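# Coordinates in review
Here's the letter readout for the chains.
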Number of protein chains: 2
Amino acid sequence: MQDDLSRTFSALADPTRRAILARLAEGEANVSELAAPFLASMSLPAVTKHLKVLEHAGLISKGRQAQWRPCRLNGEPLRDAVDWMAQYREAWEAQLDRLGAYLKTKTQGDRRGNND
Amino acid sequence: MQDDLSRTFSALADPTRRAILARLAEGEANVSELAAPFLASMSLPAVTKHLKVLEHAGLISKGRQAQWRPCRLNGEPLRDAVDWMAQYREAWEAQLDRLGAYLKTKTQGDRRGNND
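A quick note: this is a predicted structure, and the numbers were derived from the prediction, not measured.

## Describing the side chain of Ser 6 of chain A
Mapped onto the fold, Ser 6 of chain A is located in helix 1 (residues 4-12). At 2.4 Å, the side chain of Ser 6 of chain A forms a polar contact with the side chain of Asp 3 of chain A. Dropping the residues within four chain positions of it, Ser 6 of chain A is found in contact with Ala 13, Asp 14, Pro 15 and Arg 18 of chain B.

This is the structure:
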């Protein structure tokens, strides 16, 4: 069985699903509204399959009104994913800083080498 | 072909691969060192397969010394993933705040209901 964090990252690993989340970040929308931008390149069942993956990962939920069941974004799993990344961000940033400093020194060294 | 961001999220969607990245956030390590904590529950080829996924996603790279080829973390793909999430974070946080405010009101209402 997949753990929560793996399910979240797995759901995010697709451009259509990320676009759907981006749309929902602007506000609730129903399935037809969410599907509209993709129907030129994929079928409605393909879009609803993506919605099911997002729903299964807890990233979206559907309203209970029978007539108009809007989808909405659930922030919690995304927050957990950001938290996981933030934990190591300091280490990555430090490595990026070191790389940046190294490249800067190297470029300056190369420039000096060219001018001499 | 998978896009960069999808490849990053896909690589993160596994607890073993996340544990390897967490280990590398502390500093470089070679394959045997990285594999050691997992060999009770999986084979060395299984661990090296995970390393290949991380390498393919550009999340780690291997040093060039023939004798000791340490793996190191590459921060850039992770930074791109965090950036993607940060873009929508404001919307999620606002939704979480609204949910929090709603739950608070509801709890207070329930308490009042019980006290009346």
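## Topic: the interface of chain B and chain A
Contacts between the two partners involve 33 residues from chain B and, on the opposite side, 33 residues from chain A. Summing both sides of the interface, chain B and chain A together bury roughly 2800 Å²; the carbon and sulfur share of this comes to 66%. For the pair chain B and chain A, the interface holds two salt bridges. With its nearest N and O atoms 2.7 Å apart, the salt bridge here joins Arg 18 of chain B to Asp 3 of chain A. The interface formed by chain B and chain A contains four residue pairs in polar contact (both at pLDDT 80 or more).

## Concerning the environment of Glu 55 of chain A
All names here are of chain A. Structurally, Glu 55 can be placed in helix 4 (residues 44-56). By relative accessible area, Glu 55 is classed as partly exposed at 32%. In this structure the C-alpha to C-alpha distance between Glu 55 and Leu 12, which are 43 residues apart in sequence, comes to 12 Å. Beyond its immediate stretch of four places on either side in the chain, Glu 55 contacts Ile 60 and Lys 62.

## What about helix 1 (residues 4-12) of chain B?
Judged by how many residues are buried, helix 1 of chain B sits mostly within the fold: seven of nine residues are covered. Those residues of helix 1 of chain B that sit buried are Leu 5, Ser 6, Arg 7, Thr 8, Phe 9, Ala 11 and Leu 12 of chain B.

## Quick notes on the domain arrangement of chain A
All names here are of chain A. For chain A, the domain assignment lists domain 1 (4-74) and domain 2 (75-116). Residue-level contacts link nine residues of domain 1 with eight residues of domain 2. Counting the surface lost from both domain 1 and domain 2, the interface buries some 620 Å², and carbon and sulfur atoms represent 82% of this. Broken down residue by residue, the surface that domain 1 buries against domain 2 is led by Leu 5, Phe 9 and Asn 74, which jointly contribute 61%. On inspection of domain 1 and its partner domain 2, the count reaches one residue pair in polar contact (both at pLDDT 80 or more). In terms of residues, the side of domain 1 that touches domain 2 owes the most to one element, helix 1, which gives four residues. Tallied by class, residues from the side of domain 1 that touches domain 2 come to six nonpolar, three polar and no charged.

## Describing the packing of aromatic side chains
Under the counting rule described, the total for this entry stands at three aromatic pairs over all chains. When the centroid spacing of 6.1 Å and the interplanar angle of 75 degrees are considered together, the rings of Phe 9 of chain B and Trp 84 of chain B count as edge-to-face. With Phe 9 of chain B in helix 1 and Trp 84 of chain B in helix 5 (residues 75-115), this residue pair connects regions lying 75 residues apart in the sequence. Take Trp 84 of chain B: its relative accessible area is 9%, and that puts it in the buried class. An aromatic cluster of three or more residues is present, and its members are Phe 9 and Trp 84 of chain A together with Phe 9 and Trp 84 of chain B.

## Considerations on the side chain of Asp 14 of chain A
Positionally, Asp 14 of chain A belongs in the loop between helix 1 and helix 2 (15-25). Within the buried core, Asp 14 of chain A has no salt-bridge partner, and the shortest N-O distance to an opposite charge, that of Arg 17 of chain A, equals 4.4 Å. Residue contacts for Asp 14 of chain A: discarding those within four places in its chain leaves His 50 of chain A together with Ser 6 of chain B.

Cut-offs and rules
- Residues numbered from 1 in each chain as written.
- Chains lettered and ligands numbered in written order.
- Predicted model: local features only at pLDDT ≥ 70, side-chain atom pairs only at ≥ 80, totals over all residues.
- Heavy atoms only, no water.
- Helix = DSSP H or I, 4+ residues; strand = E, 2+ residues; numbered from the N terminus.
- Polar contact = N/O pair within 3.5 Å; in protein donor to acceptor, adjacent residues only side chain to side chain.
- Contact = heavy atoms within 4.5 Å.
- Buried area = accessible area lost by both parts, 1.4 Å probe.
- Salt bridge = Lys/Arg side-chain N within 4 Å of Asp/Glu carboxyl O.
- Buried < 20%, exposed > 50% of the residue type's maximum accessible area, 1.4 Å probe, protein only.
- Domains from an automatic or database assignment.
- Nonpolar A, V, L, I, M, F, W, Y, C, P; charged D, E, K, R; others polar.
- Phe/Tyr/Trp six-rings, centres within 6.5 Å; stacked < 30°, edge-to-face > 60°.
- Lys, Arg positive; Asp, Glu negative; His and termini not counted.

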